[in-house]
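Observations on chain architecture
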Amino acid sequence: MSKQNKAVFAACAASLIGMANMVTMSVLAYIYQAYPEVPQSQVALILLIPSLVGIFVAFLIGPVSAVVPKKILLIFASLCVACSGGIFYFFGGNCPIGLLLLASALLGFVQGTMASVPSAIISENSTPDVREKLLGYQTAALNGGSLFMSVLGGILGATRWQNAYLVLFLAIPVLLVVLLVLPMDHPVRIEKKTASGQKIPGRVYLICAHFALMFVCFYTFGVNISTYIITEYQLGTSAQAGIVSALQTICGVIAGIVFGRIVTILKKWTVPFCCLIVTVGYVASAFLTGSLAGCIIGSVLLGFGKSFVMPYAVNQVSTVSPPSKIPTCISFLMGCMNLGMFLSNYFIGFLAGFSGEITVFSQFSVCAVLSVAAAVLAFFLYTAEKPANTQSSI
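Residues numbered from 1 in each chain as written. Predicted model: local features only at pLDDT ≥ 70, side-chain atom pairs only at ≥ 80, totals over all residues. Heavy atoms only, no water.

**A closer look at the overall build of the protein**
Each helix and strand counted, the protein has 15 helices and zero strands in total. The 394 residues of the protein split such that 54% are buried. Pairs at least 24 residues apart make up 82% of the contacts formed inside the protein by residues separated by at least 6 positions. A total accessible area of about 16500 Å² is found for the protein, and carbon and sulfur atoms account for 70% of it. Computed over 18 positive and 9 negative side-chain charges, the separation of the two mean positions in the protein equals 11 Å. (Helix = DSSP H or I, 4+ residues; strand = E, 2+ residues; numbered from the N terminus. Buried < 20%, exposed > 50% of the residue type's maximum accessible area, 1.4 Å probe, protein only. Contact = heavy atoms within 4.5 Å. Areas by Shrake-Rupley, 256 points an atom, 1.4 Å probe, with all protein chains shown as cover. Lys, Arg positive; Asp, Glu negative; His and termini not counted. Charge placed at Lys NZ, Arg CZ, Asp CG, Glu CD.)

Have a look at this one:
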């Protein structure tokens, strides 16, 4: 196996546990019951803390990887997943809530690390002609692992909620893959005399800002879909809401696998096209409310849109950045992604409030308008002449 194949295989394996915190979503109601004396707002932090910690870690992990080998970071992240799973499984329900919050913080470190480090590994160990396809595979692995953990965790947690966290021990074989397969990288040391020529291009910041806006739109759908189905339009129960949510992830896996072929067809129009299909998805969800058809269309289109935008943006950032700055730039990109997801509820709610009442319809309508604006921005940002690649062949 070549060095490139080893790096890609290990990066994809690590991505499988990148969204380990998704397990909590399926058993949070049981955790409320296990801690009746603790305010629900405090217990809910078990789900919120990984996102908060992930924002800071995603921004910081790039500069850290310039000093600490990425293999060491992936090893530590894998150990964090296993340790967190052990805390929830062996001590959940019998320990202070603070210990579970600590375990959630470990998953936040994992979320921030796995969002950027595997992508940076692939970018540094691939040539431009295959990078997009390989990043698509990594996105598919991230979505596939998220789906696997959510579904299997929900099944295992139905009998005893602590059992859901058994799926976090998937980190052990991942750890072995990283240890045995991933080559040890050596952080690039830049001499002072060349440091002035290694600045982050302004285009990177524009891509990151657009990326954050897209994930404001993407995340709003998942946050509101259960309310859409169960409460606002009474189209089904939590079972139907779970199926629609899973469809988005399944389509994300498929999109990651076929991304390399799609981008060869759409080329520089990939992101504007994705913004427009997100618009169609939100319009269908907002106006086709007589059955599940509208939200199913929305879930499918958003799943494809998200998993096309992510590897394309990562590849663009890798392309325009100096080689020594690629990890830092990808880290900043993923930090903006996490920030967009965290702020989505507040930002979309604020804009939807101008309609007089904050409903799922008003929020989806706002996202439809924002995705059109994102398509216009993407037209100017991505259809410009592509800068020369600064990454040397490996």
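**What to know about the pattern of salt bridges**
Evaluated as defined, the whole model comprises two salt bridges. A salt bridge links Lys70 to Glu124; the shortest N-O distance between them is 3.1 Å. Of the two residues, Lys70 sits in helix H5 (residues 70–91) while Glu124 sits in helix H6 (residues 97–124), which places them 54 residues apart along the sequence. With its nearest N and O atoms 3.9 Å apart, the salt bridge here joins Asp185 to Lys70. Pair noted here: Asp185 is in the loop between helix H8 (171–181) and helix H9 (192–195) and Lys70 is in helix H5, with a separation of 115 residues, a long-range link. (Salt bridge = Lys/Arg side-chain N within 4 Å of Asp/Glu carboxyl O.)

**Examining the environment of Ala103**
You can see Ala103 is positioned in helix H6. As for Ala103 and Leu377, which are separated by 274 residues in sequence, their C-alpha atoms are 40 Å apart.

**Comments concerning the packing of helix H4 (residues 45–65) against helix H14 (residues 326–352)**
The N-to-C vectors of H4 and H14 enclose an angle of 165°; their axes lie 7 Å apart at closest approach. In terms of orientation, H4 lies roughly antiparallel with respect to H14. Remark: the crossing between H4 and H14 carries left-handed chirality. Residues Leu48, Leu52, Gly54, Ile55, Ala58, Phe59, Leu60, Ile61, Gly62, Pro63 and Ser65 of H4 form the contact with H14, whose own contacting residues are Pro327, Thr328, Ser331, Phe332, Met334, Gly335, Cys336, Asn338, Leu339 and Phe342. The class makeup of the residues in the contact of H4 with H14 is 14 nonpolar, seven polar and no charged. (Axes fitted to C-alpha atoms, helices over the stretch in contact; angles between N-to-C directions. Parallel < 35°, antiparallel > 145°, perpendicular 65-115°, else oblique. Left-handed = near helix turned anticlockwise from the far one by under 90°. Nonpolar A, V, L, I, M, F, W, Y, C, P; charged D, E, K, R; others polar.)

**Overview of H14**
Its 27 residues give H14 an end-to-end C-alpha distance of 37 Å, which sits within 8% of 39 Å, the value for a rise of 1.5 Å per residue. Of all bends in H14, the biggest is about 50°, found at Leu343. (Expected span 1.5 Å × (residues − 1). Bend = angle between axes of the 7 residues up to and from the residue.)

**As for the environment of Gly305**
Inspection of the secondary structure assignment puts Gly305 in helix H13 (residues 293–320). A C-alpha to C-alpha distance of 29 Å links Gly305 and Leu73, two positions 232 residues apart in sequence. Setting aside its immediate chain neighbours within four residues, Gly305 contacts Phe218, Cys274 and Ile277.

**Regarding the packing of helix H2 (residues 23–34) against helix H7 (residues 128–157)**
Running from amino to carboxyl end, H2 crosses H7 at an angle of 25°, the nearest separation of the two axes being 7 Å. As judged from the angle between their axes, H2 and H7 are roughly parallel. Across from Val23, Ser26, Val27 and Tyr30 in H2, the residues of H7 making contact are Met149, Ser150, Gly153, Gly154 and Gly157. Split into classes, the residues belonging to the contact of H2 with H7 amount to four nonpolar, five polar and no charged.

**Some words on the side chain of Thr279**
Topologically, Thr279 is positioned in helix H12 (residues 270–287). Here Ser371 takes part through its side chain, which lies 2.6 Å from a polar atom of the side chain of Thr279. Setting aside chain neighbours within four positions, we find Thr279 in contact with Ala368, Ser371 and Val372. (Polar contact = N/O pair within 3.5 Å; in protein donor to acceptor, adjacent residues only side chain to side chain.)

**Things to note about the packing of aromatic side chains**
One pass over the structure, following the stated rule, counts 21 aromatic pairs. Between the aromatic rings of Phe221 and Tyr282, the centroid separation amounts to 6.1 Å while the plane-to-plane angle is 70°, which identifies the pairing as edge-to-face. Taken together, the residues span a long stretch of sequence, with Phe221 in helix H10 (residues 202–232) and Tyr282 in helix H12 at a distance of 61 residues. On the basis of relative accessibility, which here comes to 1%, the residue Phe221 falls in the buried class. Residue classification places Tyr282 among the buried positions, given a relative accessible area of 0%. Note on Tyr228 and Phe364: the rings are 5.7 Å apart at their centroids and 25° apart in plane angle, and the pair reads as stacked. Of this pair, Tyr228 sits in helix H10 while Phe364 sits in helix H15 (residues 360–382), and the two are 136 residues apart along the sequence. A residue is classified by how much of its surface remains accessible, and Phe364, at 1% relative accessible area, is buried. One Lys or Arg, Arg160, reaches over the ring of Tyr89 and ends 5.5 Å from the middle of that ring. (Phe/Tyr/Trp six-rings, centres within 6.5 Å; stacked < 30°, edge-to-face > 60°. Lys NZ or Arg CZ within 6 Å of the ring centre and 35° of its normal.)

**Focus on unusual backbone geometry**
With phi around 50°, Gln234 is a residue other than glycine that occupies positive phi space. By the secondary structure assignment, Gln234 is in the loop between H10 and helix H11 (238–266). Taking the relative accessible area as the measure of exposure, Gln234 reaches 64% and is therefore exposed. The backbone phi angle of Lys267 is positive, close to 50°, even though this residue is not glycine. Within the secondary structure layout, Lys267 lies in the loop between H11 and H12.

It is worth stressing that arrangement in space is one thing and function is another; only the former is reported here.
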